[in-house]
Amino acid sequence: MADYYQSKIANNGSFLGRTLIQAKGSIGGSRNVFVHMNDGDANQVRQVPTGCIIKNPFKGFAKAYCFDLVEYNLDGTGYILKTFEVRDAVTSGTSIKIVRNGYRHVPFVGDILMIAPSTLTGTGTAVTVTAVTAGTDATGDYWQITVSSAITPAAGDILVEAAEAGSGKQALVKNPNAFFPCDADFIFDPNAGADEFEKAKYFFTPCYLYNGPIAWIDKMSPLPPAVKALNKSLVNGWFHL
């Protein structure tokens, strides 16, 4: 759908009236991500003083979910912590199945992914996604991604974005410090350079944690071990950054 609209915009021109552009998507449902302690919970959420431009928007129609973590920087940039849970162990080859449902991030061709390092500043091998297909089998729904070179994640491992492909690379998000207070739809083709002025830039003011709130871990996007290690909650199953 987005490619269709983009092809029309690229033709340029004008229309002295109004136009209506429609698209549709599917919503996987709804769930309460926050742990509700009392009526004062909402007062514990604060927006940062100045917003940011999201430097790694999804490359197509996709969602960021409530309490997805963001690395917010004072230079006006922000990066979404995108995570993908490996469904089946990979022992060889370049094909990986990741969990697909209404609450998981969508992979796109061109994404650069790596097995989440054991520490936030750790390194590993980052590969480029060259193909993405949706599938279903007896185990459930999945995204099957093909990557540029072989990596061997175990079942349950988390893949995250890397800044560039190659060996000895770091994850793109190394300092998750803010979050989305609600779901956010990415519905336009993103701007990837100065010469793509007709594509979208996403500006957003994330929230930070002010004495809370707390989220249910199993209702958040999958968290890499290094991010789980930041958890300040002493209650098993809750996440507090």
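K.L.:
Just to check I follow, could you spell out the pattern of salt bridges for this structure?
P.N.:
Two side chains carrying opposite charge are able to pair once their charged atoms lie near each other. Within the structure shown, the criterion is met by nine salt bridges. D111 is the partner of K59 in a salt bridge, and the nearest nitrogen-oxygen pair spans 2.9 Å. With a gap of 52 residues between them, K59 in the loop between strand 2 (52–54) and strand 3 (62–64) and D111 in the loop between strand 7 (95–99) and strand 8 (112–115) connect regions that are remote in the sequence. For D111, a relative accessible area of 2% translates into the label buried. Residue D141 pairs with R100 through a salt bridge whose shortest N-O separation is 3.7 Å. On the criterion of sequence distance, the pair formed by D141 in strand 10 (residues 140–147) and R100 in the loop between strand 7 and strand 8 is long-range, its members being 41 residues apart. For R100, a relative accessible area of 22% puts it in the partly exposed group. Among the ionic contacts, a cluster of salt bridges with common partners joins R87, D88, K97 and D137.

K.L.:
Would you explain empty space enclosed by the protein in this entry?
P.N.:
Taken as a whole and assessed by the stated rule, the structure comprises three cavities of 30 Å³ or more. When its volume is computed, the largest cavity comes out at roughly 120 Å³. Contributing to the lining of the largest cavity are 15 residues, with L81, V160, A171, V173 and P224 lying nearest its centre. Residues of the lining of the largest cavity, tallied by class, amount to 12 nonpolar, one polar and two charged.

K.L.:
What am I meant to see in the layout of surface pockets here?
P.N.:
Take a probe with the size of a water molecule and roll it over the atoms, and the empty space left behind shows itself. Counted as a void, the second largest pocket has a volume near 390 Å³. Lining the second largest pocket are 22 residues, and of these K55, N56, P57, N191 and A192 lie nearest its centre. By residue class, the composition of the lining of the second largest pocket is 13 nonpolar, four polar and five charged.

K.L.:
Got a minute to help me understand the nonpolar core in this structure?
P.N.:
A general feature of soluble globular proteins is that nonpolar side chains tend to end up buried together. In terms of nonpolar packing, the biggest core is built from 31 residues, with I96, I145, L159, F180 and F186 touching the most fellow members. Looking at this core, the elements with two or more residues in it are strand 2, strand 3, strand 4 (69–72), strand 7, strand 9 (123–137), strand 10 and strand 14 (184–186). The biggest single contributor to this core is strand 10, with three residues. One finds A126, V160, F179 and M220 within the second-largest nonpolar core, a separate group that totals 25 residues.

K.L.:
Would you explain the side chain of E161 in this entry?
P.N.:
Among the structural elements, E161 can be located in strand 11 (residues 158–161). A polar side-chain atom of E161 sits 2.7 Å from a polar atom in the side chain of N56. Every residue in contact with E161, bar those within four places of it in the chain, is listed here: N56, I80, K82, D111, I112, L113, A171 and L172.

K.L.:
Any chance you could explain a nonpolar patch on the surface here in plain terms?
P.N.:
A surface patch of nonpolar side chains, about 300 Å² in accessible area, is lined by F61, I187 and F188. Tracing the backbone shows F61 in the loop between strand 2 and strand 3. F61 sits in the partly exposed class, given a relative accessible area of 41%.

K.L.:
Looking at this structure, how should I read the pairing of strand 5 (residues 77–80)?
P.N.:
The two faces of a sheet get side chains in turn, since along a regular strand they alternate between them. In strand 5, alternate side chains face the same way, and those of T77 and Y79 on one face and G78 and I80 on the other are all buried. Connecting the antiparallel pair strand 4 and strand 5 is a turn made up of four residues, with G76 showing a positive phi of about 90 degrees.

K.L.:
What is the right way to read unusual backbone geometry from this model?
P.N.:
If a residue is not glycine, its phi is most likely negative; likewise, a peptide bond is most likely trans. The backbone of F67 shows a phi angle near 70 degrees, a positive value even though the residue is not glycine. You can see F67 is positioned in the loop between strand 3 and strand 4. Residue classification places F67 among the buried positions, given a relative accessible area of 1%.

Criteria and thresholds
Residues numbered from 1 in each chain as written. Predicted model: local features only at pLDDT ≥ 70, side-chain atom pairs only at ≥ 80, totals over all residues. Heavy atoms only, no water. Salt bridge = Lys/Arg side-chain N within 4 Å of Asp/Glu carboxyl O. Helix = DSSP H or I, 4+ residues; strand = E, 2+ residues; numbered from the N terminus. Buried < 20%, exposed > 50% of the residue type's maximum accessible area, 1.4 Å probe, protein only. 1 Å grid on protein atoms, 1.4 Å probe; cavity = no way out; pocket = protein on both sides within 12 Å on 5 of 7 lines; lining within 4 Å. Points joined across faces, edges and corners; volume = space filled by probe spheres on them. Nonpolar A, V, L, I, M, F, W, Y, C, P; charged D, E, K, R; others polar. Core = buried A, V, L, I, M, F, W, Y, C linked by side-chain atoms within 4.5 Å. Polar contact = N/O pair within 3.5 Å; in protein donor to acceptor, adjacent residues only side chain to side chain. Contact = heavy atoms within 4.5 Å. Patch = residues over 30% accessible without salt bridge, like charges linked within 9 Å, V, L, I, M, F, W, Y side chains within 5 Å. Areas by Shrake-Rupley, 256 points an atom, 1.4 Å probe, with all protein chains shown as cover. Pairing = 2+ DSSP bridges.

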